[in-house]
Amino acid sequence: MSTVASFGERLDAVFGTRGRLCVGIDPHAWLLDEWGLPDSGAGVREFGLRVVDAAAGRVGIVKPQVSFFERHGSAGYAALERVLDLARDAGLLVIADVKRGDIGSTVEAYGQAWLSPASPLRADAMTIYAYQGLGSIEGVMRQAEAAQAGLFVVAATSNPEAAAIQQAVLQGSSREGSSVAGAIVSGVDAWNRSRDDADVRPFGSIGVVLGATIVPEEFGIDVSSDARPRVPVLVPGIGFQGGELRDVPARLGALAPGAILTDSRGLLAAGPDGVADAIARRADEVGALDV
């Protein structure tokens, strides 16, 4: 058995020492302008490095939104590689927000890019879509386990236009009658519980994404006392997108122990001189929650 801690174990350790706040690294063009940085590869590099410096020692998790780096082509990817290196050196848990999704060898190549220890883009976990069924990403789930990395499968988001798909009821499936979102959450839970060492791990290494503003029951997601809390839950949408910290524990119910509470623009808008203090204040607010 590997002596390297699994992603679920590392996540549990971060919860215990640095809390649940995850700082998003989202170099929007308007934020770059407010920070006095150019909208270029050099600008996103400097922005990302400053956010990592501000987060280090105050929180334990960061989440770079890859699209904002990707739009600058090779210069953007070079910038992201440097940001990822600095975050690792700072001991931060890194979730690459890439939201890839496909089938077969194509989606497995995405897994190699973002989870392989040999990749310059390697992260501790990545976000992924599985609207073609969890079976479409089984290869990546196995890759994640082999690399002691994690996945966060998008289940229900705060975007109201997504509800039609995420609330749709499955037909002709082993989970017939479940909503798409509910089937993803229950399928991820079943995967985590099927692992040989599930009984000794605080969390599985495969998690889900649930937006901070959604009501899980409206998406067919069971968060009752009988729900299983081994699933890590990435919760974007705190702050700028309208999600309220105080609402999250009650909404997630039995899934709340795995909650990773993400704030991006709400912190980054504080600017280069204020972002560190904004992160510290938000970390204190998260730490005061009864989760």
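Rules used in this analysis
- Residues numbered from 1 in each chain as written.
- Predicted model: local features only at pLDDT ≥ 70, side-chain atom pairs only at ≥ 80, totals over all residues.
- Heavy atoms only, no water.
- Helix = DSSP H or I, 4+ residues; strand = E, 2+ residues; numbered from the N terminus.
- Rg over C-alpha atoms; globule rule 2.2 N^0.38 Å.
- Buried < 20%, exposed > 50% of the residue type's maximum accessible area, 1.4 Å probe, protein only.
- Contact = heavy atoms within 4.5 Å.
- Polar contact = N/O pair within 3.5 Å; in protein donor to acceptor, adjacent residues only side chain to side chain.
- Expected span 1.5 Å × (residues − 1).
- Arc of directions from axis to C-beta.
- Patch = residues over 30% accessible without salt bridge, like charges linked within 9 Å, V, L, I, M, F, W, Y side chains within 5 Å.
- Areas by Shrake-Rupley, 256 points an atom, 1.4 Å probe, with all protein chains shown as cover.
- Salt bridge = Lys/Arg side-chain N within 4 Å of Asp/Glu carboxyl O.
- Pairing = 2+ DSSP bridges.
- Axes fitted to C-alpha atoms, helices over the stretch in contact; angles between N-to-C directions.
- Parallel < 35°, antiparallel > 145°, perpendicular 65-115°, else oblique.
- Left-handed = near helix turned anticlockwise from the far one by under 90°.
- Nonpolar A, V, L, I, M, F, W, Y, C, P; charged D, E, K, R; others polar.

A.B. asks: Teacher, can you tell me more about the overall build of the chain here?
C.D. replies: Per the secondary structure count, the chain includes 12 helices and eight strands. Taken against the 2.2 N^0.38 rule, which gives 19 Å for 291 residues, the C-alpha radius of gyration of the chain at 18 Å falls within 12% of a compact globule. The principal-axis extent of the C-alpha atoms belonging to the chain is close to 55 × 40 × 40 Å. Each of the 291 residues in the chain was classed as buried or not, and the buried ones make up 53%. A separation of at least 24 residues holds for 76% of the contacts in the chain among residues at least 6 apart in sequence.

A.B. asks: In this structure, what is going on with the environment of Gly-57? I would like to understand it.
C.D. replies: Inspection of the secondary structure puts Gly-57 in the loop between helix 3 (41-55) and strand 2 (61-64). Remark: the alpha-carbon pair of Gly-57 and Ile-260, spanning 203 residues in sequence, is separated by 17 Å.

A.B. asks: Hey, could you run me through the side chain of Ser-205 in this one?
C.D. replies: Mapped onto the elements, Ser-205 comes out in the loop between helix 9 (180-193) and strand 6 (206-210). A residue is classified by how much of its surface remains accessible, and Ser-205, at 11% relative accessible area, is buried. From its side chain, Ser-205 meets the backbone nitrogen of Gly-8 in a polar contact 3.2 Å long.

A.B. asks: I keep staring at the environment of Gly-182 and nothing clicks. Help me out?
C.D. replies: With respect to the helices and strands, the residue Gly-182 is situated in helix 9. Given a relative accessible area of 8%, Gly-182 falls into the buried group. For Gly-182 and Met-126, which are 56 residues apart along the polypeptide, the C-alpha to C-alpha distance reads 20 Å. In this structure Gly-182 touches Phe-219, Gly-220 and Ile-221, once residues within four positions along its chain are discounted.

A.B. asks: What am I meant to see in helix 12 (residues 275-287) here?
C.D. replies: The α-helix winds at 3.6 residues per turn, so residues separated by three or four positions along the chain end up facing the same way. End to end, helix 12 covers 18 Å across 13 residues, agreeing with the expected 18 Å (1.5 Å per residue, within 8%). Three or more residues of helix 12 are buried, namely Val-275, Ala-276, Ala-278, Ile-279, Arg-282, Ala-283 and Val-286. Looking straight down helix 12, one finds that the buried residues subtend no more than 160 degrees of arc, so they occupy a single side. Residues of helix 12 that are exposed and angled more than 90 degrees away from the buried face: Arg-281 and Asp-284.

A.B. asks: Teacher, can you tell me more about unusual backbone geometry here?
C.D. replies: Backbone geometry follows two general trends: most residues other than glycine have a negative phi, and most peptide bonds adopt the trans configuration. Despite not being glycine, Lys-99 shows a phi value in the positive range, around 45 degrees. We classify Lys-99 as partly exposed; its relative accessible area is 29%.

A.B. asks: It is not clear to me how a nonpolar patch on the surface should be interpreted in this structure. Could you clarify?
C.D. replies: Residues Tyr-129, Tyr-131 and Ile-165 make up a contiguous nonpolar surface patch of roughly 280 Å² in combined accessible area. Since its relative accessible area comes to 35%, Tyr-131 is described here as partly exposed.

A.B. asks: Help me out: how do you make sense of the pairing of strand 2 in this one?
C.D. replies: Within a regular beta strand, the side chains point alternately toward one face of the sheet and then the other, so they alternate between its two faces. Here strand 2 shows two buried faces, one formed by Ile-61 and Lys-63 and the other by Val-62 and Pro-64. As judged from the four bridges shared by strand 1 (residues 21-25) and strand 2, these two strands associate in the parallel manner. Pairing of Cys-22 across the sheet is with Ile-61, part of strand 2. Two elements, strand 2 and strand 3 (residues 93-100), share two bridges in a ladder whose sense is parallel. Directly across from Val-62, in strand 3, lies its bridge partner Val-94.

A.B. asks: When you look at the packing of helix 3 against helix 5 (residues 73-89) in this model, what are you seeing that I'm missing?
C.D. replies: Geometry of a packed helix pair, given as the angle between the helix axes and the separation of the axes. Relative to each other, helix 3 and helix 5 sit at 15 degrees, their axes nearing to 8 Å. Comparing their axes, helix 5 and helix 3 come out roughly parallel. The hand of the helix 3/helix 5 crossing is right-handed. On helix 5, the residues that touch Gly-41, Val-44, Arg-45, Gly-48, Leu-49, Val-52 and Asp-53 of helix 3 are Ala-75, Gly-76, Ala-79, Arg-82, Val-83, Leu-86 and Ala-87. Partitioned by chemical class, the residues of the contact of helix 3 with helix 5 number eight nonpolar, three polar and three charged.

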